[in-house]
Amino acid sequence: MGYREIFFYTLAVIGFFGIAPAFIYFLAQYFPYTIADSLAFIKLLSAFGILFMLIGAAFCFLSNLALIKIGKGGAGVIGRIKLMKETEHLVTTGVYAFCRNPMHLGLILFYCGMAFVLNSVSAMFIVFLTFIFAYITALYCDEPRLKRDFKDEYTAYARKVGRFLPKIHNKYK
C-alpha cells in the first residue's frame, strides 16, 4: 500500500469515525428527542448500541483489510473518482460472504449503535442518510463496476449474497 492509499484511508477514518460521530453527538445534544424514557430500557439500548458499534467497526476494518489483501486494491473508488487503485480480484470471503457491502453495513451499524448509546431519535437521521448514501453508491457506482470487471463471477456472487443483509435461502425451492 502506497502513501496515497495510506493518506486516503487516514482521511476516511478521521471522517467516518471522528468527524461524523462528533456531528452525531452534537445533533443529539441540540435536538434531544429520546428513544426511551425508562432507565432499564435506556441501559438495554446502550448495551445494544455498544454491541452495534463494535460489530460495525469490525465490519469496516475487516472489509477494508480483505479489499487490500485479497482484492489487491482499495475502497477509495466512487464511480469515476479513483482515490486509490481499484481491486483486481472480487472478494467473496470473510465479511463479504455475509453481505456484498460490509463496509456500508458496518457504518450503518456503527452510527445506529451510537444513536442507541446517545438515546437519540435525532441521531437516527444520520443513520437514515448513511443508508441512502450506501444504497445509491452500491447501486450506481460499485455494482456496475463489479459487473463490468468481474462479469459472471460477480453475477453468481450477487445471486447468493445479499446487498446489505444475508439472503435467506429456502433449500426446499
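Residues numbered from 1 in each chain as written. Predicted model: local features only at pLDDT ≥ 70, side-chain atom pairs only at ≥ 80, totals over all residues. Heavy atoms only, no water.

**A few points about the overall build of the protein**
For the protein, the count of helices and strands is four helices and two strands. Each helix and strand of the protein, ordered N terminal to C terminal, gives the series α-α-β-β-α-α. Its C-alpha atoms put the protein at 50 × 50 × 25 Å along the principal axes. Split into buried and exposed, the 173 residues of the protein put 40% on the buried side. Considering only intrachain contacts with a sequence separation of at least 6, the fraction spanning at least 24 residues in the protein is 70%. In the structure as shown, the protein presents an accessible area of about 10,700 Å², 72% of it carried by carbon and sulfur atoms. The centroid of the 18 positive side-chain charges in the protein is displaced by 4 Å from the centroid of its 9 negative side-chain charges. (Helix = DSSP H or I, 4+ residues; strand = E, 2+ residues; numbered from the N terminus. Buried < 20%, exposed > 50% of the residue type's maximum accessible area, 1.4 Å probe, protein only. Contact = heavy atoms within 4.5 Å. Areas by Shrake-Rupley, 256 points an atom, 1.4 Å probe, with all protein chains shown as cover. Lys, Arg positive; Asp, Glu negative; His and termini not counted. Charge placed at Lys NZ, Arg CZ, Asp CG, Glu CD.)

**Considerations on the packing of helix α3 (residues 102–117) against helix α4 (residues 124–160)**
Running from N to C, α3 and α4 cross one another at 175°; their axes reach a closest spacing of 9 Å. What the angle tells us is that α3 and α4 run roughly antiparallel. For the pair α3 and α4, the contacting residues are His104, Leu107, Ile108, Tyr111, Cys112, Ala115 and Phe116 in the first and Met124, Ile126, Val127, Thr130, Phe131, Ala134, Thr137 and Asp142 in the second. Across the contact of α3 with α4, the residue classes break down as eleven nonpolar, three polar and one charged. (Axes fitted to C-alpha atoms, helices over the stretch in contact; angles between N-to-C directions. Parallel < 35°, antiparallel > 145°, perpendicular 65-115°, else oblique. Nonpolar A, V, L, I, M, F, W, Y, C, P; charged D, E, K, R; others polar.)

**Details of a nonpolar patch on the surface**
A cluster of nonpolar side chains, namely Tyr25, Phe26, Tyr30, Phe31, Tyr33, Ile35, Phe41, Leu44, Phe48, Leu51, Ile55 and Val121, defines an oily patch on the protein surface of about 1,200 Å² accessible area. Secondary structure elements with two or more residues in the nonpolar patch: α1 (3–30) and α2 (39–69). A total of five residues in the nonpolar patch trace back to one element, the largest contributor, which is α2. The topology assignment puts Leu44 in helix α2. According to the relative accessible area criterion, Leu44 is partly exposed, its value standing at 44%. (Patch = residues over 30% accessible without salt bridge, like charges linked within 9 Å, V, L, I, M, F, W, Y side chains within 5 Å. Salt bridge = Lys/Arg side-chain N within 4 Å of Asp/Glu carboxyl O.)

**Notes on α3**
With 16 residues, α3 extends 22 Å from end C-alpha to end C-alpha; this agrees with the ideal 22 Å at 1.5 Å per step. Within two residues after α3, Asn119 carries a phi angle of roughly 55°, on the positive side. (Expected span 1.5 Å × (residues − 1).)

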